[in-house]
Amino acid sequence: MVQRTSTAEVMSVDLSPKKPNKAYGGDGGAYYDWSPADLPMLGAASIGAAKLCLSAGGLALPSYSDSAKVAYVLQGKRVTRSRSLSASSPGDLVVLFLGDTSTGHKRGQFTNFQLTGSTGIFTGLSTEFVARAWDLTQAAAAELVSAQPGAGIIRVKDDHRMPQARDEDRAGLVLNCLEAPLDVDIKNGGRVVVLNTRNLPLVEEVGLGADLVRIDAHSMCSPGFSCDSAYQVTYIVRGSGRVQVVGIDGTRVLETRAEGGCLFIVPRFFVVSKIADETGMEWFSIITTPNPIFSHLAGRTSVWKAISPAVLEASFNTTPEMEKLFRSKRLDSEIFFAPASN
């Protein structure tokens, strides 16, 4: 059962964006993760976050995890075979993992179980048990289990041929966010691709939705919130910008500048808004529901457009003239607002 964090606890939690720490690695690459000790909202939301970086020829040894994950390839190309992962092109492969840890060993952090290597599961079984399980002699079992000195990540030999990716392996498991139809496309503002049960049915099994958002230089993402009791876990892919988050009683709980490589979490029903720096800003988020619904508080589709003038006047304690000015703005803008032209 997932424990709920109290309102008082959420309001006092440090929401500042954080970068991950190196967990392990070697010549073939490294595995980094975010800890609830550094980013407390991970524990509150029961979300794990990690990043795998493989150099050319790097291989993440076969393993399994205690949590379902959404993987987003930040850089390079990969070959996935069952429970192993390898880089398949020159240059580094970088993969972001985000997932639900509510049924895992640790709330807010993935636990991975290696199948081979010096920390593999079979190093803990006696030679007798391994030999019996694999129908080998004890000598052969001992040799097989101890032959790989690496742990977690290795670099394969230059002359060792690894399998190539096949299109049929991607069916139903992969969505190319950079080629997928845009759900929102605002000229000089920003673009969104939403991952949900319609374009990637697998997310329903994982229990998470996701989106890739790109906003242009100095553009703004409308203040808004998830209205279906979901957390937003956001990783800044590239670029940078300012972020504000507002919680209960109009309290601003976060005002910061976020840059590429940082991760932060927006609590349930809290309002978040972002303004990109001159480089623009791109982020990948998961939302803790397969088909998230957002409510925006500015723009053509905002709640203000549905409220009568008299109610707006009374609510803001303003004049009819000011209400008309307010209502006349953002008639065509939706979600993203380009900077005002000089």
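The rules behind the values
- Residues numbered from 1 in each chain as written.
- Predicted model: local features only at pLDDT ≥ 70, side-chain atom pairs only at ≥ 80, totals over all residues.
- Heavy atoms only, no water.
- UniProt positions renumbered as here; feature names shortened; annotations may be inferred.
- Helix = DSSP H or I, 4+ residues; strand = E, 2+ residues; numbered from the N terminus.
- Buried < 20%, exposed > 50% of the residue type's maximum accessible area, 1.4 Å probe, protein only.
- Contact = heavy atoms within 4.5 Å.
- Lys, Arg positive; Asp, Glu negative; His and termini not counted.
- Charge placed at Lys NZ, Arg CZ, Asp CG, Glu CD.
- Pairing = 2+ DSSP bridges.
- Phe/Tyr/Trp six-rings, centres within 6.5 Å; stacked < 30°, edge-to-face > 60°.
- Lys NZ or Arg CZ within 6 Å of the ring centre and 35° of its normal.
- Core = buried A, V, L, I, M, F, W, Y, C linked by side-chain atoms within 4.5 Å.
- Axes fitted to C-alpha atoms, helices over the stretch in contact; angles between N-to-C directions.
- Parallel < 35°, antiparallel > 145°, perpendicular 65-115°, else oblique.
- Nonpolar A, V, L, I, M, F, W, Y, C, P; charged D, E, K, R; others polar.
- Patch = residues over 30% accessible without salt bridge, like charges linked within 9 Å, V, L, I, M, F, W, Y side chains within 5 Å.
- Areas by Shrake-Rupley, 256 points an atom, 1.4 Å probe, with all protein chains shown as cover.
- Salt bridge = Lys/Arg side-chain N within 4 Å of Asp/Glu carboxyl O.
- Polar contact = N/O pair within 3.5 Å; in protein donor to acceptor, adjacent residues only side chain to side chain.
- Left-handed = near helix turned anticlockwise from the far one by under 90°.

Named according to an unreviewed UniProt entry, the chain is Cupin type-1 domain-containing protein originating from Miscanthus lutarioriparius. In the Subunit (unreviewed entry) part of its UniProt record, the chain is described as follows: "Hexamer; each subunit is composed of an acidic and a basic chain derived from a single precursor and linked by a disulfide bond."

A. A look at the overall build of the chain. When helices and strands are counted, the chain shows seven helices and 21 strands. Among the 342 residues that make up the chain, the fraction classed as buried is 42%. Across the chain, the fraction of contacts at a sequence separation of at least 24, relative to all contacts at a separation of at least 6, is 70%. Charged side chains of the chain number 34 positive and 35 negative; the gap between the two group centres comes to 2 Å.

B. Examining the pairing of strand S19 (residues 271-287) more closely. A large share of S19 lies buried, amounting to 14 of its 17 residues. The sheet contact formed by strand S14 (residues 209-215) and S19 spans seven bridges and is antiparallel. In the sheet register, Gly209 faces S19, and the bridge partner there is Ile287. Pairing of strand S15 (residues 220-226) with S19, which is carried by three bridges, proceeds in the antiparallel orientation. Note on S19: the bridge partner recorded for Gly224 is Val272. Here 13 bridges tie strand S16 (residues 232-246) to S19, and the two strands are oriented antiparallel to one another. Looking at S19, one finds that Gln244 is bridged to Ser273.

C. Looking closely at the packing of aromatic side chains. The full count for this structure, using the stated rule, is eight aromatic pairs. Geometrically, the ring pair formed by Tyr24 and Tyr31 is stacked, given 5.1 Å between the ring centres and 10° between the ring planes. On the basis of relative accessibility, which here comes to 26%, the residue Tyr24 falls in the partly exposed class. Judged by relative accessible area, Tyr31 falls into the buried class, the value being 7%. Centre to centre, the rings of Tyr64 and Phe113 are 5.0 Å apart; their planes meet at 10°, and the pair counts as stacked. Taken as a pair, Tyr64 in strand S5 (residues 63-65) and Phe113 in strand S10 (residues 112-114) lie far apart in primary sequence, 49 residues in all. Ring pairs connect the aromatic residues Trp304, Phe316 and Phe326, which therefore count as one cluster. When the ring centre of Phe97 is taken as origin, the NZ or CZ atom of Lys69, which lies over that ring, is 5.2 Å away. One cation-aromatic arrangement involves Lys69 over Phe110; the distance from NZ or CZ to the ring centre is 4.6 Å.

D. A look at the nonpolar core. Core analysis: the largest hydrophobic core is formed by 57 residues, its most contacted members being Val245, Leu263, Phe284, Ile286 and Phe336. What Leu263 contacts, discounting residues up to four positions off in sequence, is Ser16, Pro17, Lys18, Trp34, Leu39, Leu42, Ala49, Leu98, Val233, Thr234 and Tyr235. Counting residues in each nonpolar core, the second largest holds ten residues, with Tyr31, Leu52, Phe97 and Ile153 among its members.

E. Structural detail: the packing of helix H3 (residues 127-134) against helix H4 (residues 138-146). At a minimum axis separation of 8 Å, H3 and H4 run at an interaxial angle of 100°. When the axis of H3 is compared with that of H4, the two are roughly perpendicular. Mapping the contact onto sequence places Thr127, Glu128, Val130, Ala131 and Trp134 in H3 and Gln138, Ala141, Ala142, Leu144 and Val145 in H4. The class makeup of the residues in the contact of H3 with H4 is seven nonpolar, two polar and one charged.

F. Representation of the UniProt feature "domain: Cupin type-1" (unreviewed entry) in the chain in the model. As annotated by UniProt and renumbered to match this structure, "domain: Cupin type-1" (unreviewed entry) occupies residues 13-142 and 180-324. Counted over residues 180-324, helix gives 12% and strand 48%. Its end C-alpha atoms are 39 Å apart.

G. Spatial organisation of a nonpolar patch on the surface. Where nonpolar side chains cluster on the molecular surface, the patch consists of Trp134, Leu136 and Leu144 and spans about 270 Å² of accessible area. Here Leu136 is to be found in the loop between H3 and H4. A relative accessible area of 34% means that Leu136 is categorised as partly exposed.

H. Spatial organisation of the side chain of Gln109. When you line up the elements, Gln109 lands in the loop between strand S9 (93-100) and S10. A distance of 3.0 Å separates a polar atom in the side chain of Gln109 from a polar atom in the side chain of Asp33. Not counting residues up to four positions away in its chain, the partners in contact with Gln109 are Asp33, Trp34, Ser35, Pro36, Ile47, Gly48 and Thr101.

I. Structural detail: the packing of helix H6 (residues 309-316) against helix H7 (residues 320-328). H7 packs onto H6 with a crossing angle of 110° between their chain directions and a minimal axis gap of 9 Å. Taken together, the axes of H6 and H7 lie roughly perpendicular to each other. In the crossing of H6 with H7, the sense of the turn from one axis to the other is right-handed. Between H6 and H7, the contacting residues are Pro309, Leu312, Glu313 and Phe316 on the first element and Pro320, Glu323, Phe326 and Arg327 on the second. Residue composition of the contact of H6 with H7, grouped by class: five nonpolar, no polar and three charged.

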